[in-house]
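Descriptive structure summary
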Amino acid sequence: MNYQWYPGHMTKARRMMEENIKLIDLVIELVDARIPLASRNPDIDALGKNKSRLILLNKSDLADERANKLWKEYFKDRGLFVLEVNSRSGGGIKAIHGIVQEACREKIERDRKRGILNRPVRAMVVGIPNVGKSTFINSFAGKACTKTGNKPGVTKGKQWIRLNKSLELLDTPGILWPKFESEEVGLKLALVGSMNDNVVSVTDMAVDLTGMLKRQYGGALAKRYGVEEEKEVFELLQDIARKRGCLLKGEELDTEKAAALLLDDFRSGKLGRITLEVPV
C-alpha cells in the first residue's frame, strides 16, 4: 500500500513557519519515541539551521525503555539537546526550562553584553501531526493554552504563548512532507496515527504491524490475545478476530474490526512498550 498524506493546509503551515523562523532563538522538535527517525520531518533541519535545537522524545512511556536510551545517545552524538517526555502525564516536563537555558546560553549572554536584560527566549514548537505538541504546551504551561485531540490536524494556525518572563512559545500546526523517502516511513507514520486513518487501509496497516511485532517483539501478540505466533500474519489477524469475537453475520470473521482493535491496542500501549525502529 502507498502511504502518503499531504493535505493543502500543510503547504500554508510550512510557509508560515519559514516566515516566523527569523523571530526564533530555539526550535523545540517533538518526535514520537516509538519512531524517532520516521517522525522527524526532514524539512525541519533546513528550517532550523543556525538555531539552537531541542529534541523531545514524546510518548516515551509507550516506547521501549532500552530504545529510548539508544535514541538519546543518537541525538546527543549529533549535537542536539534531547529529553524523554510524556506530555500527557507531565513526565520530564520540569527539566525543560533548564535545558532551554542551557541551549540558549550564548544568546542570553550576547543579550546581557548588549545591555538587553530579561528578553524572553522565543521557541518554535514543531513536529508531525498527532505527535502531541498541543498537549506538551498545555502541560508545560500548566494550563489549557491550546486545543488538543487524539487525531492529526487539530492545530490549524500559529499561536504565541507566553509561559513566563523568560520563555515564549510559538505553537505551529503539525506538518508532514510531500513525499516520504520510503514506504516503511509512511507505514510507521500511519501506525502511530500521524496520518488520517480515512486515507489508509486499517487492515493493511494491521497486517504490516503484525509482521513487525512478530519479528521485533515475539510473544507480545500471544500474551495479549492468546494466539499462536507461528502462523502467517493474515491468519494471525483472523485468530485475533476469533479470540475477540469480531464477527459479521453468519459467524464470518470481521478482520477489519480486529485490525482496528490491534491498532488501538498498539497506539495505547496495551501491547507493551514498543519501539518500531532503533539507531543503526
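Let us look at the structure shown here. Starting from 1, residues in each chain are numbered consecutively following that chain's sequence as written. Owing to the predicted nature of the model, reporting of local features is limited to residues with pLDDT of at least 70; listing and counting of side-chain atom pairs is limited to 80 or more, with chain, interface and lining totals taken over all residues. Hydrogens are left out, water is left out, and the side-chain values use all remaining heavy atoms of the structure.

Among the nonpolar cores identified, the biggest contains 77 residues, and Ile96 and Phe136 are the most heavily contacted of them. Only heavy atoms enter the contact rule, under which two residues are in contact if any of them lie within 4.5 Å. Residue contacts for Phe136: discarding those within four places in its chain leaves Ile28, Leu30, Leu56, Ser87, Ile93, Ile96 and Val125. Only buried Ala, Val, Leu, Ile, Met, Phe, Trp, Tyr and Cys residues count toward a nonpolar core, and they belong to the same one when joined by side-chain atoms within 4.5 Å. The classification of residues rests on relative accessible area computed with a 1.4 Å probe and restricted to protein chains. Under 20% of the type maximum is buried, over 50% is exposed, and intermediate values are partly exposed. Counting 11 residues, the second largest nonpolar core, distinct from the first, contains Val31, Ala33, Ile55 and Val82.

A few words on the packing of aromatic side chains. Ring geometry is summarised as follows: Phe, Tyr and Trp rings, the Trp one being its six-membered ring, pair when their centres sit within 6.5 Å, and such pairs are stacked at plane angles under 30 degrees, edge-to-face over 60 and tilted between the two. Per the stated rule, a full pass over the model turns up 4 aromatic pairs. An angle of 75 degrees between the planes, with centres 5.1 Å apart, marks the rings of Trp71 and Tyr74 as edge-to-face. With Trp71 and Tyr74 both in helix 3 (residues 65–77) and 3 residues apart, this pair spans about one turn of that helix. The exposure class of Trp71 is buried, given its relative accessible area of 1%. On the basis of an interplanar angle of 85 degrees and a centroid distance of 5.2 Å, the ring pair of Tyr74 and Phe75 is categorised as edge-to-face. Like Phe75, Tyr74 is buried. Comment: elements are numbered from the N terminus, with helices defined as DSSP H or I runs of at least four residues and strands as E runs of at least two.

A separate point is the pattern of salt bridges. Throughout this description, the term salt bridge denotes a Lys or Arg side-chain nitrogen within 4 Å of a carboxyl oxygen of Asp or Glu. The tally for this structure, following the rule as stated, stands at 22 salt bridges. As a salt-bridge pair, Asp25 and Arg119 come within 3.3 Å of each other at their nearest N and O atoms. Of this pair, Asp25 sits in the loop between helix 1 (9–20) and strand 1 (26–32) while Arg119 sits in the loop between helix 5 (105–113) and strand 4 (121–126), placing them 94 residues apart in sequence. Overall, the relative accessible area of 13% leaves Asp25 in the buried class. Here Arg242 makes a salt bridge to Asp239, at a shortest N to O gap of 2.5 Å. Here Asp239 and Arg242 lie together in helix 10 (residues 233–243), a separation of 3 residues that amounts to about one turn. Looking at Asp239, the relative accessible area reads 11%, which means it is buried. Taken together, the shared-partner salt bridges connect Asp25, Lys107, Asp111 and Arg119 into one network.

Once that is clear, we can look at the sheet that holds strand 2 (residues 52–58). Strand pairing follows a simple DSSP-based rule, namely that at least 2 bridges must link the two strands. The strand order across the open sheet formed by 6 strands is 3-2-1-4-6-5, and the pairing between neighbours is mixed. Unpaired on one side and paired on the other, strand 3 (81–84) and strand 5 (159–164) mark the two borders of the sheet. Strand after strand, the sheet turns through a mean of 25 degrees between neighbouring axes, direction not considered. Of the pairings in the sheet, the one linking strand 2 to strand 3 comprises 4 bridges and is parallel in character. Considered in strand 3, the bridge of Ile55 is made with Val82. Orientation is described by lines fitted to C-alpha atoms, with helices fitted over the stretch in contact, and by angles between N-to-C directions that extend from 0 to 180 degrees.

With that settled, the discussion passes to the environment of Met124. Assignment of secondary structure puts Met124 in strand 4. Put simply, Met124 and Leu169 are 45 residues apart on the chain and 5.8 Å apart in space, counted from C-alpha to C-alpha.

Bringing the pairing of strand 2 into the picture now. It is a general feature of regular strands that their side chains alternate between the two faces of the sheet. Of all 7 residues in strand 2, 6 are buried; the element is thus mostly enclosed. Looking at chain direction, strand 1 and strand 2 are connected through 7 bridges and run parallel. When the bridges of strand 2 are listed, Asp32 appears paired with Asn58.

This next bit is on helix 6 (residues 133–141). Of the residues making up helix 6, those classed as buried are Lys133, Ser134, Phe136, Ile137, Asn138 and Phe140. Tucked into the core, helix 6 has its buried residues touching strand 1, strand 2, helix 4 (96–103), strand 4, strand 5 and strand 6 (167–171). Positive backbone phi, approximately 75 degrees, marks Gly142, located one or two places after helix 6.

Keep in mind that these numbers describe shape and distance, not what the molecule does.
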